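Letter by letter, the chains look like this.
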Amino acid sequence: MTDKTYDNIKITRDGAITFVTLNRPEKRNAMSPGLHYDMQDALTRLDDDAQTRVLVLAGAGEAWCAGQDLKLYFRETAGDPVERKKSNNASHNWRHHILSTFSKPTIAMVQGYCFGGAFTQLCSCDFAVADEAATFGLSEVNWGILPGGIVSWNLTDQLMPRHALYYATTGEPFSGKRAEEIGLVNFAVPKDQLMAKTMELANRLLNLNPSVVRFTKEAVRSVRHMRADEARDYLGVKQDGLAKADKEIADKVGMKEFLDAKSYRPGLGPYQRPKA
Ligand code: ACO
């Protein structure tokens, strides 16, 4: 199937790994209303795309994403409440709702700049790999707004409160290496290793049972805001759902291989699934 083409983003594939790249390099991939509409459409399609088993969110050129487009997203919609609302809804929908409930694992591959509103899609991705020299920043404070949309929520959801408060309140830029230290990204590597590290993680995810990966990421995300007794109940039902969704799990293949065939040690590495 040929992928749809878009004005503001591009879609490329490496087997089961699909790259969605913000593609306004001349504007450092700042997010215009058009980019939000493109992303909303593309991610909605890819969530149901059978070929896509891991999604990588990338940025073209010198930046991953310089945040909302101050001209096209803010200034030019200021006198048009309908367009403002429409683009605001699309912006929230793809960056938070669609990405954080995406049915396949998602990886943010960050190089160059990541500012302001870009923190929402960064935090919505399941994993993040960054160039250690990338520049992250909550620049809003520098020009009189607070980290809005849901960026302040993203910060307190992902970071320790002291880090969230410090970087939001001072606007101090920080490196990819620092982002790794404070848990905002999983790995920070030299720029020339960014793609290789991202592919290593993507391929590791591809080797796992996709139903287990999906149910596990949904479970970990959901229990975070539950009480312990609610989480216990929810996880029991979720496990039943997983067994229904996947025959390998229903048949307890991994347990049989450990207890009966003694052919596999689950503690030492991922189960090698038979090739389809
Ligand atoms: N909105 C609109 N245009 C932008 C944005 C943005 N967020 N970021 C960059 N651009 C545009 C610039 O206006 C410039 O356009 P022009 O060529 O028509 O003049 C072009 O992208 C290149 O930008 P430069 O500043 O020339 O590039 P440089 O590499 O020197 O700097 C940097 C890049 C550091 C990202 C700088 O552009 C910057 O500080 N941008 C603003 C980042 C920011 O504060 N983002 C948060 C926005 S608020 C929010 O997201 C809620």
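Cut-offs applied
- Residues numbered from 1 in each chain as written.
- Predicted model: local features only at pLDDT ≥ 70, side-chain atom pairs only at ≥ 80, totals over all residues.
- Heavy atoms only, no water.
- Core = buried A, V, L, I, M, F, W, Y, C linked by side-chain atoms within 4.5 Å.
- Buried < 20%, exposed > 50% of the residue type's maximum accessible area, 1.4 Å probe, protein only.
- Helix = DSSP H or I, 4+ residues; strand = E, 2+ residues; numbered from the N terminus.
- Axes fitted to C-alpha atoms, helices over the stretch in contact; angles between N-to-C directions.
- Parallel < 35°, antiparallel > 145°, perpendicular 65-115°, else oblique.
- Left-handed = near helix turned anticlockwise from the far one by under 90°.
- Contact = heavy atoms within 4.5 Å.
- Nonpolar A, V, L, I, M, F, W, Y, C, P; charged D, E, K, R; others polar.
- Phe/Tyr/Trp six-rings, centres within 6.5 Å; stacked < 30°, edge-to-face > 60°.
- Lys NZ or Arg CZ within 6 Å of the ring centre and 35° of its normal.
- Near = heavy atom within 4 Å.
- Polar contact = N/O pair within 3.5 Å; in protein donor to acceptor, adjacent residues only side chain to side chain.

### Examining the nonpolar core
Consideration 1: Formed by 43 residues in total, the largest nonpolar core has its most connected members in W94, F136 and L184.
Consideration 2: Ranked by residue count, the leading element in this core is helix 1 (residues 33-47), at five residues.
Consideration 3: One finds F19, A58, I107 and L201 within the second-largest nonpolar core, a separate group that totals 15 residues.

### Observations concerning the packing of helix 1 against helix 3 (residues 81-100)
Consideration 1: One can describe the packing of helix 1 onto helix 3 by two numbers: an axis separation of 9 Å at closest approach and a directional angle of 40°. For the element pair helix 1 / helix 3, the angle class is oblique. For helix 1 against helix 3, the interelement crossing comes out left-handed. Facing helix 1, whose interface residues are P33, L35, H36, Y37, M39, Q40, L43 and T44, helix 3 presents E83, K86, S87, N89, A90, S91, N93, W94, R95, I98 and L99.
Consideration 2: Partitioned by chemical class, the residues of the contact of helix 1 with helix 3 number nine nonpolar, seven polar and three charged.

### Here's the deal with the packing of aromatic side chains
Consideration 1: Inspection of every chain in the model, using the stated rule, returns eight aromatic pairs.
Consideration 2: Both rings, one in Y167 and one in F174, keep their centres 4.3 Å apart while their planes meet at 45°; by these two values the pair is tilted. Per residue, the accessibility class of Y167 equals that of F174, and both read buried.
Consideration 3: One aromatic cluster in this structure is built from F119, F136, Y166, Y167 and F174.
Consideration 4: Here K197 stacks its cationic end above the ring of F187, 4.4 Å away from the centre of that ring.

### Looking at the site of the ligand
Consideration 1: The full set close to the ligand counts 16 residues, and K27, A66, Q68, L70 and S139 are the nearest of them.
Consideration 2: E26 has a polar backbone atom sitting 3.5 Å from an oxygen atom of the ligand.
Consideration 3: K27 places a side-chain nitrogen or oxygen 2.5 Å from an oxygen atom of the ligand.
Consideration 4: Within the shell around the ligand, the residues separate by chemical class into six nonpolar, five polar and five charged.

That's the geometry; what it means functionally is another story.
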